[in-house]
Amino acid sequence: MTDHDLAATLATEAGELLLNVRAELADASGAERKAAGDKRSHDYLMDALAKARPEDAVLSEEGADDPIRLRSRRVWIVDPLDGTREFSELDREDWAVHVALWQDGELIAGAVALPAQGITLATPSVPAPPPAPDVPRIVVSRTRPPAVALQVRDALGGVLVEMGSAGAKVASVVQGVADVYVHAGGQYEWDSAAPVAVARAAGLYTSRIDGSPLQYNRPDPLLPDVVVCRPEYAEAVLAVTQ
């Protein structure tokens, strides 16, 4: 199985597991669903990667950070459940599973599963989004849109689209539901690695908000800001964010 196929398979299967957790704990509290989803998906991904790629290192949101990854050529960067709040709300579809592979300084494979939508977006080939509408759509958190995203909306004369997890937001740009995703203040490598790999495969622009490259598998996994957008909006977005 290729690395691309493995990323897609693991993200999809972890997503199916999470749907089963949701069904099993439909009458439990949201906190119980969150905790069970995080743990079971993490355990599944760690076990599956240990079997399929035993020589590779793993960086997971839910696992202890093993410094061996900093000496490894290949590191899987995973978020077993991106958007725990949305996952805990039984009627929401905007949550995801992220599986990405970093090798020799670059993201080389990635998959974002949207289990409640029955969709997995995966490298190496991701369809480009359909043509953009006249008014650009900026996707933001439904609870705490960052100020920079509001500034981009105003500069572009756009409108906001509210959505949950980071993976779902990037996927919305890939799918043509939104056109620009700008975030600043509080993300980690596992929040963006797989979504960025998928976005690049679809021909989208990706960077930090200052225009510098997104870098992964660093000693500190904090990666607080990101831009993902249609290429034609990149210059205008960076004019606001830089």
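Every chain is numbered on its own, with residues counted from 1 as its sequence reads. Local features in this predicted model are restricted to residues whose pLDDT is 70 or higher, and side-chain atom pairs enter the listing and the counts only when it is 80 or higher, whereas totals over whole chains, interfaces and linings include all residues. Only heavy atoms go into the side-chain values, all of them from the structure, while hydrogens and water stay out.

**Q** Explain the overall build of the chain here, please?
**A** Each helix corresponds to a stretch of at least 4 residues labelled H or I by DSSP, and each strand to a stretch of at least 2 residues labelled E; elements are numbered beginning at the N terminus. Helix and strand content of the chain: 7 helices and 10 strands. We compute the radius of gyration over the C-alpha atoms and compare it with the globule rule, which gives 2.2 Å times the number of residues raised to the power 0.38. Its C-alpha atoms give the chain a radius of gyration of 17 Å, near enough to 18 Å, the size a compact globule of 242 residues would have. The dimensions of the chain, computed from C-alpha atoms along their principal axes, are 50 × 45 × 30 Å. Here the term buried applies to any residue with accessible area under 20% of the maximum for its type, exposed to any over 50%, and partly exposed to those in between, with areas from a 1.4 Å probe on protein chains only. In the chain, which comprises 242 residues, the share counted as buried stands at 54%. Residue pairs in contact within the chain that sit at least 24 positions apart in sequence constitute 65% of those at least 6 positions apart. With 22 positive and 36 negative side-chain charges, the chain shows a spacing of 1 Å between the two charge centroids. Note on contacts: a residue pair qualifies if any of its non-hydrogen atoms lie within 4.5 Å across the two residues. In this charge count, Lys and Arg are treated as positive and Asp and Glu as negative; neither His nor the chain ends contribute. Where a charge sits is defined by one atom per residue type, namely NZ (Lys), CZ (Arg), CG (Asp) or CD (Glu).

**Q** Please explain the pairing of strand S1 (residues 57-60) as it appears in this structure.
**A** Along any regular strand the residues' side chains alternate between the sheet's two faces. Here S1 shows two buried faces, one formed by Ala 57 and Leu 59 and the other by Val 58 and Ser 60. A strand pair is defined by DSSP finding two or more bridges across the two strands. Pairing of S1 with strand S2 (residues 74-82) involves 4 bridges; the strand directions are parallel. The residue bridging Ala 57 from the neighbouring strand is Val 75, located in S2.

**Q** Where do I start with helix H6 (residues 189-201) in this structure?
**A** Along an α-helix, residues three or four positions apart point the same way, because every turn accommodates 3.6 residues. Taking 1.5 Å per residue, 13 residues should reach 18 Å; H6 reaches 18 Å between its end C-alpha atoms and fits that length. Taken across its 13 residues, H6 has 11 buried, putting it largely inside the fold. Residues Glu 189, Trp 190, Asp 191, Ser 192, Ala 193, Ala 194, Pro 195, Val 196, Ala 197, Val 198 and Ala 199 constitute the buried set of H6. Remark: Gly 203 follows H6 within two positions and exhibits a positive phi of approximately 85°. Between the first and last residue of a helix there are one fewer steps than residues, each counted as 1.5 Å, and that sum is the expected span.

**Q** Looking at this model, I keep getting lost on the environment of Glu 189. Mind explaining?
**A** Looking at the secondary structure, you find Glu 189 in helix H6. In the structure, Glu 189 is positioned 128 residues away from Glu 61 in sequence and 8.8 Å away in space, judged by C-alpha atoms. The residues contacting Glu 189, other than those within four sequence positions of it, are Leu 59, Ile 77, Gln 215, Tyr 216, Asn 217, Arg 218, Asp 220, Pro 221 and Leu 223. Polar contacts, as used here, are pairs of N or O atoms within 3.5 Å; protein pairs need one atom able to donate a hydrogen and one able to accept it. Residues neighboring in sequence count only if both atoms are side-chain atoms. Among the polar contacts listed, one links the side chain of Glu 189 to the backbone nitrogen of Arg 218, at a separation of 3.1 Å.

**Q** I keep staring at unusual backbone geometry and nothing clicks. Help me out?
**A** Cis geometry is found at the peptide bond from Thr 123 to Pro 124, where omega equals 10°. Along the chain, Pro 124 falls in the loop between strand S5 (119-122) and strand S6 (137-141). Despite not being glycine, Asn 217 has its phi angle at roughly 55°, a positive value.

**Q** How do you make sense of helix H4 (residues 147-156) when you look at a structure like this?
**A** Buried residues of H4: Val 148, Ala 149, Val 152 and Leu 156, and no others. Projected down its long axis, H4 shows its buried positions confined to an angular sector of 100°, all on one face. When the buried face of H4 is taken as reference, the exposed residues oriented beyond 90 degrees from it are Ala 147 and Asp 154. Buried positions along H4 lie against S6, strand S8 (180-184) and helix H7 (234-241). Taken from the residues just after H4, Gly 157 is the one with a positive phi, measuring 65°. In this description, one arc is meant: the one made by directions from the helix axis to the C-beta atoms.

**Q** Can you help me understand the sheet that holds strand S3 (residues 96-103) in this one?
**A** Where strands meet in a sheet, backbone hydrogen bonds hold them as pairs that are either parallel or antiparallel. Read across the open sheet, the 5 strands follow the order S1-S2-S3-S4-S5; overall the sheet is mixed. Each edge of the open sheet is held by one strand with a lone partner, namely S1 and S5. Neighbour to neighbour, the strand axes of the sheet diverge by 15° on average, direction disregarded. Both S3 and strand S4 (residues 106-114) contribute to a ladder of 7 bridges, which runs antiparallel. If you follow Val 99 over to S4, its bridge partner there is Ala 111. Every axis corresponds to a line fitted to the C-alpha atoms, with the helix fit spanning only the stretch in contact, and the corresponding angles, defined between N-to-C directions, vary from 0 to 180 degrees. Each of S2, S3, S4 and S5 touches helix H1 (residues 3-24); the most contacted strand, S4, lies at about 30° to it. Across the sheet, H6 is in contact with S1, S2, S3, S4 and S5; its angle to S4 comes to roughly 95°.

**Q** Honestly, the packing of H4 against H7 in this entry has me stumped. Any pointers?
**A** Helices that pack against each other are described as a pair by the angle of their axes relative to one another and the distance between those axes. As a packed pair, H4 and H7 sit with axes 9 Å apart at the nearest point and diverge in direction by 125°. In terms of orientation, H4 lies oblique with respect to H7. For the crossing formed where H4 meets H7, the hand is right-handed. The residues of H7 that touch H4, namely those facing Val 148, Gln 151, Val 152, Ala 155 and Leu 156, are Ala 236, Val 237, Val 240 and Thr 241. Tallied by class, the residues present in the contact of H4 with H7 amount to 7 nonpolar, 2 polar and no charged. If an angle is under 35 degrees, it is roughly parallel; if it is over 145, roughly antiparallel; if it lies from 65 to 115, roughly perpendicular; otherwise it is oblique. Should the near helix be turned anticlockwise from the far one by less than a right angle, the crossing is left-handed, and should it be turned clockwise, the crossing is right-handed. Charged residues are taken to be Asp, Glu, Lys and Arg, nonpolar residues to be Ala, Val, Leu, Ile, Met, Phe, Trp, Tyr, Cys and Pro, and polar residues to be all remaining types, Gly included.

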